[in-house]
Amino acid sequence: MTVDDTYGRLDDDDYPAYTMGRAAEMLGTTQGFLRAIGEARLITPLRSEGGHRRYSRYQLRIAARARELVDQGTPIEAACRIIILEDQLEEAQRINAEYRRAAESTNLTSAG
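Okay, so let's go over this structure. (Residues numbered from 1 in each chain as written. Predicted model: local features only at pLDDT ≥ 70, side-chain atom pairs only at ≥ 80, totals over all residues. Heavy atoms only, no water.)

Bringing the nonpolar core into the picture now. Core analysis: the largest hydrophobic core is formed by 18 residues, its most contacted members being Leu34, Ile37, Leu42, Ile43 and Tyr55. Elements that contribute at least two residues to this core include exactly helix H2 (20-27), helix H3 (31-39), helix H4 (57-71) and helix H5 (76-111). Every residue in contact with leucine 42, bar those within four places of it in the chain, is listed here: Ile37, Ile62, Ala66, Cys80, Ile83 and Ile84. (Core = buried A, V, L, I, M, F, W, Y, C linked by side-chain atoms within 4.5 Å. Buried < 20%, exposed > 50% of the residue type's maximum accessible area, 1.4 Å probe, protein only. Helix = DSSP H or I, 4+ residues; strand = E, 2+ residues; numbered from the N terminus. Contact = heavy atoms within 4.5 Å.)

What follows is the structure in structure tokens.
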């Protein structure tokens, strides 16, 4: 791996750059919280060669959302389910928008 490869990964939201300790510190939470949302299958951290959990920026954003819900009194399992459902809804809306655009362009082409 070259230095350029390493720096390029710093911009990659999916690159597992953060250790569990650093991730917990950044989120202002505990390592136990990160393990709990992993057990609830909200996020699946990658593992280093030594078997240590590593988190990406994308995963930290999801964990931050879970922490926000838990801080508001939502049980952790429910918070994880809410986030999963929000993500599924967002994806469905994105797909529907793509279908609408495709249908509109087909209608424009056949009308012309």
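On to the side chain of serine 56, then. Here serine 56 lies in the loop between strand E3 (53-55) and H4. Not counting the four nearest positions on each side in its chain, serine 56 is found in contact with Asp13, Asp14, Tyr15, Pro16 and Tyr18.

Moving on: the sheet that holds E3. Sheet architecture is open: three strands sit in the order E1-E3-E2, paired in antiparallel fashion. The sheet is open, and its two borders are formed by strand E1 (18-19) and strand E2 (46-47), each paired with just one other strand. Pairing analysis gives two bridges linking E2 to E3, with the strands arranged antiparallel. Each bridged residue has a counterpart across the sheet, and for leucine 46 the counterpart in E3 is arginine 54. Of the strands in this sheet, E1 and E3 are in contact with H4, which crosses E3 at around 90°. (Pairing = 2+ DSSP bridges. Axes fitted to C-alpha atoms, helices over the stretch in contact; angles between N-to-C directions.)

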